[in-house]
Amino acid sequence: MDPTRQLDAKVSRAIKFINVGNFEKARRIHEEIKTENVDYYEGVLLGAMILLASQRFSEAALSLQYCFRTRPEFETNEFKNCFDKSYPELAHYMETATLQTLEEIKQNENGAAEFPASVPIYKVHLGLAYHIQGRFDEARESYLECLANCQETKYWVAYVINLLGVLEEQVGDEKAARKWVDIDTYPLVYEPKETIAGMSTKEFNEGLYAEVSESPKYKHWTEVQSSNWFIASRLNRDNPGPFVRMLEAVFEERAESVLDKIAETSPAPEHECFGRRPKNYRLEMFAAGLRGGGHAGPHVHSDCFMVGNYYVKVPEVEDAENTDRGCIEYGKNLFQSALGFENKRRTIRPVEGMMLAWPSYMSHSTVPCDTDQDRMVVGYDIEPVLD
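First, a word on scope: everything that follows refers to the structure included in this document. This one's a predicted model, so the numbers in the text were calculated from it and none came from an experiment.

## Thoughts on the nonpolar core
Phase 1 of the analysis: Leu-208, Met-306 and Val-378 are the most contacted members of the largest nonpolar core, which totals 76 residues.
Phase 2 of the analysis: Broken down by element, this core gets its largest block of residues, ten residues, from helix α10 (residues 155-170).
Phase 3 of the analysis: Leu-208 has contacts with Phe-243, Val-244, Leu-247, Tyr-310, Val-312 and Val-378, leaving out every residue within four places of it along the chain.

## Thoughts on unusual backbone geometry
Phase 1 of the analysis: In the segment running from Tyr-186 into Pro-187, the intervening peptide bond is cis, with an omega of 5°.
Phase 2 of the analysis: Note that Pro-187 resides in the loop between α11 (174-180) and β1 (188-190).
Phase 3 of the analysis: Although it is not a glycine, Ala-197 adopts a positive phi angle of roughly 55°.
Phase 4 of the analysis: Its place among the elements puts Ala-197 in the loop between β2 (195-196) and β3 (199-200).
Phase 5 of the analysis: By relative accessible area, Ala-197 is classed as partly exposed at 46%.
Phase 6 of the analysis: Despite not being glycine, Asn-239 shows a phi value in the positive range, around 50°.
Phase 7 of the analysis: Tracing the sequence through the fold places Asn-239 in the loop between β4 (229-232) and α14 (242-264).

## Focus on the sheet that holds strand β6 (residues 306-313)
Think of a sheet as strands paired side by side through backbone hydrogen bonds, with each pair either parallel or antiparallel.
Phase 1 of the analysis: Within the open sheet, the six strands sit side by side as β1-β9-β6-β11-β5-β4. Their pairing is antiparallel. Only two strands of the sheet have a single partner each, and these edge strands are β1 and β4. Neighbouring strand axes in the sheet, compared pairwise and without regard to direction, differ in orientation by 20° on average.
Phase 2 of the analysis: Here strand β5 (residues 281-290) runs beside strand β11 (residues 375-384); their pairing, made up of ten bridges, is antiparallel. Looking across to β11, one finds that Glu-284 is bridged to Asp-381.
Phase 3 of the analysis: Helix-sheet contacts for helix α12 (residues 201-213) involve β5, β6 and β11, and the interaxial angle to β6 is about 100°.
Phase 4 of the analysis: The strands touched by α14 are β1, β5, β6, β9 (355-359) and β11; relative to β5, the strand with the most contacts, the crossing angle is about 115°.

## Concerning the sheet that holds strand β8 (residues 346-348)
Phase 1 of the analysis: Judged by pairing direction, the sheet is antiparallel, and its three strands sit side by side in the order β8-β7-β10 without closing on themselves. The open sheet has two edge strands, β8 and β10 (364-366), and neither has a second partner. On average, each strand axis in the sheet is inclined to that of its neighbour by 25°, with strand direction left out of account.
Phase 2 of the analysis: Pairing of strand β7 (residues 328-330) with β10 involves three bridges; the strand directions are antiparallel. From the neighbouring strand, Ile-328 faces β10, where its bridge partner is Thr-366.

## Digging into the pairing of β6
Phase 1 of the analysis: The buried fraction of β6 is high, at seven of eight residues.
Phase 2 of the analysis: Where β6 lies against β9, five bridges are found, and the strand directions are antiparallel. Its bridge partner being in β9, Gly-308 is matched across the sheet by Ala-357.
Phase 3 of the analysis: Sheet topology note: the β6/β11 ladder contains seven bridges and is antiparallel. Among the inter-strand pairings, Asn-309 is bridged to a residue of β11, identified as Gly-379.

## Some remarks on the side chain of Arg-254
Phase 1 of the analysis: Its location among the elements puts Arg-254 in helix α14.
Phase 2 of the analysis: For Arg-254, the residues in contact, after removing those within four places along its chain, are Tyr-190, Lys-193, Met-355 and Tyr-380.

## Notes on the packing of aromatic side chains
Given two aromatic rings, one states the distance between the centres and the angle between the planes to describe the pair.
Phase 1 of the analysis: Going through the model one piece at a time under the given rule, you end up with five aromatic pairs.
Phase 2 of the analysis: Relative to Tyr-361, the ring of Phe-274 lies with its centre 6.2 Å away and its plane at 85°, an arrangement referred to as edge-to-face. With Phe-274 in the loop between α14 and β5 and Tyr-361 in the loop between β9 and β10, the pair connects residues that are 87 residues apart, well separated along the chain.
Phase 3 of the analysis: Residue classification places Phe-274 among the buried positions, given a relative accessible area of 1%.
Phase 4 of the analysis: Taken together, Phe-204, Phe-243 and Tyr-310 form an aromatic cluster joined through their ring pairs.
Phase 5 of the analysis: For Arg-254, the ring lying beneath its charged end belongs to Tyr-190, and the centroid distance is 3.7 Å.

## Considerations on empty space enclosed by the protein
Phase 1 of the analysis: Tallying each qualifying case throughout the model produces two cavities of 30 Å³ or more.
Phase 2 of the analysis: Of the volumes computed, that of the largest cavity is approximately 70 Å³.
Phase 3 of the analysis: In terms of lining, the largest cavity is formed by Asn-162, Gly-165, Val-166, Glu-169, Arg-178, Val-181, Ile-183, Gly-331, Lys-332, Asn-333, Asn-343 and Lys-344.
Phase 4 of the analysis: When residues of the lining of the largest cavity are assigned to their parent elements, the largest contribution, four residues, is made by α10.
Phase 5 of the analysis: Split by residue class, the lining of the largest cavity holds three nonpolar, five polar and four charged.
Phase 6 of the analysis: When its volume is computed, the second largest cavity comes out at roughly 40 Å³.
Phase 7 of the analysis: Along the walls of the second largest cavity sit Trp-180, Val-181, Asp-182, Tyr-186, Thr-265, Pro-359, Tyr-361 and Met-362, which together make up its complete lining.
Phase 8 of the analysis: Classifying every residue of the lining of the second largest cavity gives six nonpolar, one polar and one charged.

Conventions we followed
Each chain has its residues counted from 1, following the order in which its sequence is written. Local features are withheld for residues below a pLDDT of 70 in this predicted model, meaning they are given only at 70 or higher, and side-chain atom pairs are given and counted only at 80 or more; totals for whole chains, interfaces and linings count all residues. Side-chain measures here rest on the full set of heavy atoms in the structure, leaving out hydrogens and waters. Nine residue types can take part in a nonpolar core, namely buried Ala, Val, Leu, Ile, Met, Phe, Trp, Tyr and Cys, and a core is a set of them joined through side-chain atoms within 4.5 Å. Note on exposure labels: buried denotes an accessible area under 20% of the residue type's maximum, exposed denotes more than 50%, and partly exposed covers the range between, all computed with a 1.4 Å probe on protein chains only. A run of H or I in DSSP counts as a helix once it spans at least four residues, and a run of E counts as a strand once it spans at least two, with each numbered from the N terminus. Any pair of residues with heavy atoms lying within 4.5 Å of one another is described as a contacting pair. In this description, strands pair whenever DSSP reports at least two bridges between them. Here, axes are lines fitted to C-alpha atoms. For helices the fit covers the stretch in contact, and angles between N-to-C directions go from 0 to 180 degrees. Between the rings of Phe, Tyr and Trp (Trp by its six-membered ring), a pair exists once the centres lie within 6.5 Å; its type follows the angle of the planes, with under 30 degrees stacked, over 60 edge-to-face, and the other angles tilted. Only when the NZ atom of a Lys or the CZ atom of an Arg is both within 6 Å of the ring centre and within 35 degrees of the ring normal do we say a charge sits over the ring. Put plainly, a pocket is an open set of points on a 1 Å grid over the protein atoms alone with protein on both sides within 12 Å along at least five of seven lines, a cavity is a set where a 1.4 Å probe fits but cannot get out, and a lining residue has an atom within 4 Å of a point. Grid points are joined across faces, edges and corners, and a volume is the space filled by probe spheres set on the points. Throughout this entry, Asp, Glu, Lys and Arg are counted as charged residues, while Ala, Val, Leu, Ile, Met, Phe, Trp, Tyr, Cys and Pro are counted as nonpolar. The remaining residues, Gly among them, count as polar.

Here it is in structure tokens:
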């Protein structure tokens, strides 16, 4: 058998052991692979997966950062399923960074030096550890070093922008906080129009709702009812219907009017994804549905420049004037549990036909609302197409 195919077979066997929790056998196979070919990429990635599955999160994050930058095409192979299973735990580590002490994080400095691409994640971990201890000047310095070292890194930049906004608010500098996360300006709110694409907004929304409801993912969600939320990506790529196409044209027109404003107000003006107005971009649409208390926690869209929402169907909320239930919320501290600080945020009460637009690095979430009615949002990401 070809040597590479032999290594591939060993990797596949190790992943099976990871999936059933037998990390020791996976480690042994990993050691065999390193002995045969230390530079074998899938072997490097396998080591990262073992670290992740073993809950050695900071080391795993460093290795994964290196792997993603080196070989992004891994998204198409069997590692993707293994990574998807473990990724929520990595995110949980980031949100509860007290799992590691400052001293433990500093032990990763050598790893960061070995893989320059992993410097940003090391710096954000270090800054977060300082931040938790209330050492704000040192935290700020680490966050800014992260920004300086990650012109091509997206995921951690979005987190750092939000952390800097929280930090400045904690030290009482409201002006500096708004430089990073400007909840006074964003989201941009566009109230419903009377007509869309030559028909009444009500008629358009009914047609769009019916069309999206026929998508396989939505039908599966309504039939199985295994969760109180769903998301369907590639809405304008996978056989889109006429209403999706009409809304895509509306989004494209809206995006062109907003891109310059977001670039002008970016806190990271030189960053290739979050700062510079993209010369070329693609618009990716998605649909999200909520019901029965379903909600999206605080998150950012780290692979794009700008995000937008269009509200297709919005259930009525009892006593809506005196509650945030069912609202979309902007600016919430992504690390509130670790930092013990509740920062300022902005809530918007959505109505059918409303459109919102905001920078992709801005954290946003939905406030739960108990209802048996579906809520449907069609959103879009503006993803830069880089040279």
